[in-house]
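Residue-level structure breakdown
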Amino acid sequence: MRVVEAFRTAFGADPATVWRAPGRVNLIGEHTDYNDGFVLPFAVPWGVTAAVSPRDDRTIRLLSLQAPSPEPVVLASPEQAEGWTRYVVGVLAVLGDRVRGADIAVDGDVPQGAGLSSSAALEVSVACALNELHGLGLSPMEVALLGRRAENEFVGMPCGIMDQAASALCREGHALFLDCRTLGSRNVPLDLAAHGLRVLIIDTGVHHEHAGGGYAKRRAECESAARTLGVPALRDVTDLGAALARLRGDERRRVEHVVTESHRVEAVVGLLRADRPLDIGALLNASHLSLRDKYEVSSPELDVAVEAAVRGGARGARMTGGGFGGSAIALVAEDRLNAVRQAVTSAYAERSWEPPRFLPAIPSPGAHPLT
Ligand code: GLA
């Protein structure tokens, strides 16, 4: 394994353990996780492999096969972390006295900027390795929560639990139906191939930065609306009509999206359980319109990808992930794949945009050891 060889070269010994954790794509349930709602992501075939050994001192040595320099970054304290190392050091910082230093080499193949959660894959792969090495006994959900804390408190991105939970808990051939309040989850079989279907990821290649901006703003609007409505979280809105009558402007639209989106997740799960995946397309389309018009987190590149995919014969399509760029997904019958790809490519060419990238989304395993 490439990462083990790099570890040996950099640190002069074999790693004590190697873990692989995947990125994710979200089938439906966008911007619902931090509102205590439902999500339905699945793991993608791309992820991060982390080779890790514990150290007796507090030094942290980090090597990434994707970094420009072949030399490890050496940190005497977590405060020195910058760039990609923050996600790893954040995990160590959150674990505090339960761990000391570590030698870590990582190798990732999640397409960058596509919104497929390379950062969650990095956090979860390292957290799983440290969990094993230090006998911490953390469950996969506890590992996910650790990754989220690293990101919230150390990196400063106020994300919800979806990405880390998907990376830690997904199973091959399944989507993860997660209740983001109780953290109860179920692996829902997603055998699209049996129905001649595929999920196509359309990476727009455009990423409008949202870490400090739009994402945090949406989250604050939801929290403010919940306060106005006197509920702990938007999950607790039971009478949508009555709630909307009490809200104005942006907050009204945000609530409408969050509440209807969580219902759409339950509807999709119902259809998948009834072995009717062909019928989820309309819900994917509705999700996109809601994200575009009510939550306002889409982008022209995502809208064009979704519209062209549907025109080209997709059963349904939507932006996926946090928005403001990144990727869309399309549910496509195998015999329409080329037509859909062509329709999207032509729509981009007409606008003189860089061609988008197409990736097949195959529901893949969650985090697992490779040693
Ligand atoms: C990002 C966040 C997730 C989730 C999605 C939107 O991916 O990391 O927690 O909020 O956006 O659904």
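Please read these numbers as outputs of a predicted model, since none were measured by experiment.

A word on the side chain of S262
Inspection of the secondary structure puts S262 in helix α8 (residues 249–273). Beyond its immediate sequence surroundings of up to four residues, S262 is in contact with T32, G37 and F38.

Details of the packing of helix α2 (residues 85–95) against helix α4 (residues 140–155)
One way to put it is that α2 packs onto α4 with a least axis distance of 8 Å and a crossing angle of 105°. As summarised for this structure, α2 and α4 are arranged roughly perpendicular, according to the angle between their axes. Side by side, α2 and α4 meet where R86, Y87, V89, G90, V91, A93, V94 and L95 of the first sit next to L146, R149, A150, E151, F154 and V155 of the second.

Notes on the layout of surface pockets
When its volume is computed, the largest pocket comes out at roughly 1,100 Å³. Along the wall of the largest pocket there are 49 residues; nearest its centre are Y87, Q112, S117, S118 and S119. Within the residue set of the lining of the largest pocket, elements represented by two or more residues are β6 (102–108), α3 (118–133), α4, α5 (162–169) and β11 (325–333). Tallied by class, the residues present in the lining of the largest pocket amount to 19 nonpolar, 22 polar and eight charged. Computed from the structure, the second largest pocket encloses a volume of approximately 190 Å³. Broken down by secondary-structure element, the contributors of at least two residues to the lining of the second largest pocket are β9 (197–207) and β12 (357–361). Here the lining of the second largest pocket takes three residues from β9, the largest share from any one element. Residues that form the lining of the second largest pocket fall into these classes: nine nonpolar, one polar and two charged.

Some details on the nonpolar core
If you look at the biggest cluster of nonpolar residues, it comprises 48 residues, and the most contacted ones within it are V91, I104, V126, L130, A165 and L178. Tallying contributions element by element places α3 first for this core, with eight residues. Here A165 is in contact with M141, A144, C170, L176 and L178, once residues within four sequence places are set aside. Formed by 39 residues, the second largest nonpolar core is a distinct cluster that contains M157, A225, L291 and Y348.

Thoughts on the UniProt feature "domain: GHMP kinase N-terminal" (unreviewed entry) in the protein chain
Sites flagged by UniProt as "domain: GHMP kinase N-terminal" (unreviewed entry) map to residues 87–169. Between the end C-alpha atoms of residues 87–169 the distance is 19 Å, and the span holds 59% helix and 8% strand.

Considerations on the sheet that holds strand β3 (residues 41–54)
Sheet strands pair by backbone hydrogen bonding; their relative direction is either parallel or antiparallel. Taken together, the six strands give an open sheet; going across it, the order is β5-β4-β6-β3-β1-β13, and neighbouring strands pair in mixed fashion. In this open sheet, the two edge strands, each paired with only one partner strand, are β5 (73–75) and β13 (368–369). Looking at chain direction, strand β1 (residues 17–26) and β3 are connected through nine bridges and run antiparallel. Bridge assignment links A21 to a residue of β3, and that residue is V48. Most of the contacts of α2 go to strand β4 (residues 60–64), to which it runs at about 145°, and overall it touches β4, β5 and β6.

Considerations on the site of the ligand
Taken together, R24, E30, H31, D33, Y34, C159, G160, M162, D163, Y215, G321 and G322 make up all the residues around the ligand. E30 places a polar side-chain atom, nitrogen or oxygen, 2.7 Å from an oxygen atom of the ligand. Within the backbone of G160, a nitrogen or oxygen atom sits 2.9 Å from an oxygen atom of the ligand. For the ligand, whose free accessible area comes to 310 Å², the fraction covered by protein is 95%. Here the ligand is seated within the largest pocket. Of the residues in the shell around the ligand, the class split is four nonpolar, four polar and four charged.

Here's the deal with the side chain of S119
In this structure, S119 sits in helix α3. Sequence-distant contacts of S119, defined by excluding residues within four places in its chain, comprise Y87 and E151.

Looking at the sheet that holds strand β8 (residues 185–189)
Taken in spatial order, the three strands line up as β2-β7-β8 in an open sheet, and their pairing is antiparallel. Two strands bound the open sheet, and with one partner strand each, they are β2 (38–39) and β8. When strand β7 (residues 174–179) meets β8, the two strands line up antiparallel, connected through five bridges. Bridged to A175 within β8 is V188. Running at roughly 135° to β7, α5 makes contact with β2, β7 and β8 of the sheet.

A word on unusual backbone geometry
The backbone of H31 sits at a positive phi, close to 60°, despite the residue not being glycine. Along the polypeptide, H31 turns up in the loop between β1 and β2. At F324, a residue that is not glycine, the phi angle is positive and equals roughly 60°. Position of F324 among the secondary structure elements: in the loop between β10 (316–320) and β11.

The rules behind each value
Residues numbered from 1 in each chain as written. Predicted model: local features only at pLDDT ≥ 70, side-chain atom pairs only at ≥ 80, totals over all residues. Heavy atoms only, no water. Helix = DSSP H or I, 4+ residues; strand = E, 2+ residues; numbered from the N terminus. Contact = heavy atoms within 4.5 Å. Axes fitted to C-alpha atoms, helices over the stretch in contact; angles between N-to-C directions. Parallel < 35°, antiparallel > 145°, perpendicular 65-115°, else oblique. 1 Å grid on protein atoms, 1.4 Å probe; cavity = no way out; pocket = protein on both sides within 12 Å on 5 of 7 lines; lining within 4 Å. Points joined across faces, edges and corners; volume = space filled by probe spheres on them. Nonpolar A, V, L, I, M, F, W, Y, C, P; charged D, E, K, R; others polar. Core = buried A, V, L, I, M, F, W, Y, C linked by side-chain atoms within 4.5 Å. Buried < 20%, exposed > 50% of the residue type's maximum accessible area, 1.4 Å probe, protein only. UniProt positions renumbered as here; feature names shortened; annotations may be inferred. Pairing = 2+ DSSP bridges. Near = heavy atom within 4 Å. Polar contact = N/O pair within 3.5 Å; in protein donor to acceptor, adjacent residues only side chain to side chain. Areas by Shrake-Rupley, 256 points an atom, 1.4 Å probe, with all protein chains shown as cover. Sits in = over half its atoms within 2 Å of the grid points.

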